[in-house]
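Given next are the chains, with one letter for each unit.
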Amino acid sequence: MNWVFFLYFSAMSVASASNIGGTRQDILHNDDGGYRNILVAISRSVPEDLSLLNRIQGHFESASEFLFEATEKQVYFSDITILVPNTWTLNSSWEVAKDETFDKARILVGPANRVWGDKPYTLQPGLCGVEGDYIHYTPEYLTNGTAQGRNIVKEFAHLKWGLFDEDVSINEKVAFRLHNENSELSSTRCGEYIGSFVNKITGEVCDMSKEKDPNCLYVPTAAKTDSSILYAHHLPSVTKFCSEETHYRGHSNRQNRLCEDRSAWEVMNNLPDFGVDHQKKRIENFSLIPRIKIIQEIGAKSRTNQRPITENPNGLKTTPTTTVEEDEKKSENEIEYKITEKDANDMNILLSVTAKPVPNSQPIAISTRVDSHDIDFKPNSTLTIYTNIFQGLTPVPNLTVHCLVNTSTGLEVKIKSFDDGTGLDSTPNDGVYTASMAAHQFQGSGYYSIQVEVDGEGIASGSRANRVKRRTQRTVSGGVFIVSNFTGSVTDRTPPDRITDLLADFGSERNGSTIFTLSWTAPGNDLNVGRASNYTFYVSNDSSTSNLQVLPNNHKSILTNVNSLLVDAGTNLELEIDFEQLEFGDGSNVTLNTYYIRMVAEDDKGNQAEHSNPVSLTIADPQTINLWVPTTTTSTTTTTTEAITTTEATTTTTSSIDQLDTTPADISDVKTAPISQQMLLILGLGISGGVVCLLLIAVFIILIMKRKNGKMKYSLVFKGEKTDQTENVNIIVLD
């Protein structure tokens, strides 16, 4: 009897590329404003579910209309391609994929990871206005989430336009600030809302007049204005992005920090997608409903080609005419299988071998790309190196990463990579480690090669039960780039990084004075390499840069020796300021209720970084603190999952996981309330004319968070080997 075995290898794709470096599929823009070439790829780990295709289509139809209105009728979704995995049954109505793959897709549908769970997110390694890598959705969110169409628009703004969220920053220690708004306590946001501060650990309402608890998150339940999508996209009345007129500058959110206090529209108007009269290019009665094309990975099989399969007690699967059994264990890692065919006729069969990994045993994948492979050298030229380190779709932070750049002259430049959200690294702990090579580090024209050294125990963020510590020590190739027109060594013109994570606490009383503590991450001498040589502080009466006055390092209000802060990049620093000693204006010592502080780092060559983000220092009377009472209005519509078109249900008083956990920082820190998973208690306090009236409104909202504990599966090359990555083996014999 002759046997012919065809062994197919496939593994769940690892997110490792982005439009930075040009390794993911470009999203194209039509003259009429329509976006096309948008590839949505479903992971092979997602079980077959045809209704999921209907939901994706319905969500994009809803998103296209919302996008059109949110961008003042400028852009919409015109064409969407959905890539179905080859693990799903072959469907003759679908086209076969050509060069489309999961690795190239800009929108991924896959299992939840340990950091984000089922919450949608966009991987954004670049800075303001730079396209992101991809959006990740889970089947659970697309099926049971809220406001999915609106969320697509919000995440697309991250992905395509390089915008960031306007809620509490990922590095923020607390979710609120005392802004110069009649000295009232207000959340970090953009727009006006009705809501309450809720403790993210207990789920109880926070009495902010007594204690400013850093665990308190502001939960908006209704909007007073029509913006902003980057803050509260889930609220029905929110339909716009913040503009120059409506933007809240100075609030400590990622949009302000990374885009230097510019609003969403100020960034968008500088992009080629906007500022063009798309209306002239539109045909009469054009449709906002996107065209949907479904394609499938090559290698899918029809159900009719499969023999009935049974599974015997040792996990091996057989057919009525074929048996597969473990014959002999050759060694610790090698197993031999015996296949017996009851029919003596010669035949060819297809043998598919799959294995389930031991939980949390997916390999750690490391990949590197640069922002440019061809550098036409100038005195201000730089190279940014991005190293992705992921386990499946889960980032692996807390590693030590160095880039070794071998120059054309044979010299080696060693540069440290950071994943702490400082400098050119936009997001801390997202698995993307960023390094930058300054102009004076280039050594000549020619080819340069990159090696990446990775060392340490990466700990994936998430709940304590899901955290994984894994030792990683590896050196991988980072590819090559070429430098041309090198004119010789240049003077160091590279300044320290702009400080984007300057924070201030709420102050504490000491000897009759209010002492505020500023904190930030130390920049380097050149961007985030080395150490800064000096800091200059500025004080102002508003959050702009137009009224800045230098606050000398030896000023009586600065209680910390600034020289002690000149340390290596990446160090967490603190400085104390005496509020009562601050001065602004002509020196008349007029006391302000709120001061704004900025700072600038300087290197040993006198190169100065740009001004940091501002922080506000405010002393407020607790009686001026207002917590708004939410109004309860509900509108519901039916949602049809079988039909192509779906209608989203909206409830203004219903808070969702997406409302509570609005940043990556929230995801890793938020714990479910001990009462019924998550429970929010909305408390309103109203104060009027010296008569304090206490109004207690209790609204219990149970958030049922369905977490599927299904194991991820992947296929691998299997020639009778059983490794430490294999929990059990399934062998299926197919026609």
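### Description of the overall build of the protein chain
Piece 1. Helices and strands together make up the secondary structure of the protein chain, namely 8 helices and 44 strands.
Piece 2. Counting over 735 residues, the protein chain shows a buried share of 55%.
Piece 3. Nonlocal contacts in the protein chain, meaning residues at least 24 apart in sequence, comprise 70% of its contacts between residues at least 6 apart.
Piece 4. Of the roughly 32100 Å² of accessible surface on the protein chain, 48% is carried by carbon and sulfur atoms.

### Quick word on the state of the cysteines
Piece 1. Taken as a whole, this structure holds 2 disulfides when the rule is applied.
Piece 2. For Cys-128, the disulfide goes to Cys-259, at an S-S distance of 2.1 Å. One disulfide, between Cys-128 and Cys-259, carries an S-S torsion of 105° and so falls in the right-handed class. Taken together, the positions of Cys-128 in the loop between strand 8 (121-123) and strand 9 (134-137) and Cys-259 in the loop between helix 5 (254-258) and helix 6 (264-268) put the pair 131 residues apart, joining distant regions of the chain. Taken as a pair, Cys-128 and Cys-259 share a single burial class, namely buried.
Piece 3. The disulfide bridge from Cys-190 ends at Cys-242, spanning 2.1 Å between sulfur atoms. The sign of the S-S torsion, about -125°, decides the handedness of the disulfide formed by Cys-190 and Cys-242: left-handed.

### Things to note about the packing of aromatic side chains
Piece 1. Summed over the entire model, instances satisfying the criterion amount to 22 aromatic pairs.
Piece 2. With a centroid separation of 5.0 Å and an interplanar angle of 65°, the aromatic rings of Tyr-35 and Phe-156 are classed as edge-to-face. Residue Tyr-35 is found in strand 2 (residues 34-36), and its partner Phe-156 is found in helix 3 (residues 148-161); the two are separated by 121 residues along the sequence.
Piece 3. Their ring planes at 65° and their centres at 5.1 Å tell us that Phe-197 and Tyr-218 sit as a pair that is edge-to-face. With a gap of 21 residues between them, Phe-197 in strand 12 (residues 193-199) and Tyr-218 in strand 13 (residues 216-223) connect regions that are remote in the sequence. Taken as a pair, Phe-197 and Tyr-218 share a single burial class, namely buried.

### Comments concerning helix 1 (residues 50-70)
Piece 1. In a regular helix each residue adds 1.5 Å, so 21 residues correspond to 30 Å; helix 1 covers 31 Å between its end C-alpha atoms and thus fits that length.
Piece 2. Among the 21 residues in helix 1, 17 count as buried, and that is most of the element.
Piece 3. Positioned one or two residues after helix 1, Glu-72 has a phi angle of 55°, which is positive.

### Considering the packing of helix 1 against helix 3
Piece 1. Packing of helix 1 against helix 3 leaves a shortest axis separation of 8 Å and a crossing angle of 65°. Here helix 1 lies roughly perpendicular to helix 3, going by the angle between them. For the element pair helix 1 and helix 3, the recorded crossing hand is right-handed. Every residue of helix 3 that contacts helix 1 at His-59, Phe-60, Ser-62, Ala-63, Phe-66 and Leu-67 is listed here: Gln-148, Gly-149, Arg-150, Ile-152, Val-153 and Trp-161.
Piece 2. The class makeup of the residues in the contact of helix 1 with helix 3 is 7 nonpolar, 4 polar and 1 charged.

### What about the environment of Gly-606?
Piece 1. Mapped onto the elements of the fold, Gly-606 is located in the loop between strand 35 (594-602) and strand 36 (615-618).
Piece 2. Residues Gly-606 and Thr-494 lie 112 residues apart in sequence; the distance between their C-alpha atoms is 9.8 Å.

### Notes on the sheet that holds strand 5 (residues 79-84)
Piece 1. Read across the sheet, 7 strands follow the order 6-14-5-3-7-9-8 without closing on themselves; strand pairing throughout is mixed. The open sheet has two edge strands with one neighbour each: strand 6 (95-96) and strand 8.
Piece 2. The sheet contact formed by strand 6 and strand 14 (residues 291-296) spans 2 bridges and is parallel. When the bridges of strand 14 are listed, Glu-95 appears paired with Ile-295.
Piece 3. Contacts from helix 3 reach strand 3 (38-42), strand 8 and strand 9, with the element oriented near 150° to strand 9.

### Considering the pattern of salt bridges
Piece 1. Per the counting criterion, the structure on display carries 18 salt bridges.
Piece 2. In this structure, the salt-bridge partner of Asp-261 is Arg-598, at a minimum N-O distance of 3.3 Å. Highlighted residues: Asp-261 in the loop between helix 5 and helix 6 and Arg-598 in strand 35, separated in sequence by 337 residues.
Piece 3. On the basis of relative accessibility, which here comes to 8%, the residue Asp-261 falls in the buried class.

### Focus on the sheet that holds strand 1 (residues 28-29)
Piece 1. The strand order 1-2-4 describes an open sheet built from 3 strands, whose pairing is mixed. This sheet does not close on itself; its edge strands, each paired only once, are strand 1 and strand 4 (76-77).
Piece 2. Relative to strand 2, strand 1 runs antiparallel, the two sharing 2 bridges. Residue pairing in the sheet places Leu-28 in a bridge with Arg-36 of strand 2.

### Comments concerning the nonpolar core
Piece 1. Grouped together as the largest cluster of nonpolar side chains are 57 residues, with contacts concentrated most on Tyr-35, Ile-42, Phe-77, Trp-161 and Phe-241.
Piece 2. The leading source of residues in this core is helix 1, at 8 residues.
Piece 3. Membership of the second largest hydrophobic core comes to 29 residues, among which are Ile-366, Leu-383, Val-413 and Met-437.

### Examining unusual backbone geometry
Note: most peptide bonds trans; most residues except glycine with negative phi.
Piece 1. Ser-227 connects to Ser-228 through a cis peptide bond whose omega is 25°.
Piece 2. Relative to the assigned elements, Ser-228 resides in the loop between strand 13 and helix 4 (229-232).
Piece 3. Even without a glycine there, the phi angle at Lys-73 is positive, about 65°.
Piece 4. Inspection of the secondary structure puts Lys-73 in the loop between helix 1 and strand 4.
Piece 5. One non-glycine residue, Leu-527, lies in the positive phi region at around 55°.
Piece 6. We classify Leu-527 as buried; its relative accessible area is 13%.

Conventions and cut-offs
- Residues numbered from 1 in each chain as written.
- Predicted model: local features only at pLDDT ≥ 70, side-chain atom pairs only at ≥ 80, totals over all residues.
- Heavy atoms only, no water.
- Helix = DSSP H or I, 4+ residues; strand = E, 2+ residues; numbered from the N terminus.
- Buried < 20%, exposed > 50% of the residue type's maximum accessible area, 1.4 Å probe, protein only.
- Contact = heavy atoms within 4.5 Å.
- Areas by Shrake-Rupley, 256 points an atom, 1.4 Å probe, with all protein chains shown as cover.
- Disulfide = S-S within 2.5 Å.
- Phe/Tyr/Trp six-rings, centres within 6.5 Å; stacked < 30°, edge-to-face > 60°.
- Expected span 1.5 Å × (residues − 1).
- Axes fitted to C-alpha atoms, helices over the stretch in contact; angles between N-to-C directions.
- Parallel < 35°, antiparallel > 145°, perpendicular 65-115°, else oblique.
- Left-handed = near helix turned anticlockwise from the far one by under 90°.
- Nonpolar A, V, L, I, M, F, W, Y, C, P; charged D, E, K, R; others polar.
- Pairing = 2+ DSSP bridges.
- Salt bridge = Lys/Arg side-chain N within 4 Å of Asp/Glu carboxyl O.
- Core = buried A, V, L, I, M, F, W, Y, C linked by side-chain atoms within 4.5 Å.

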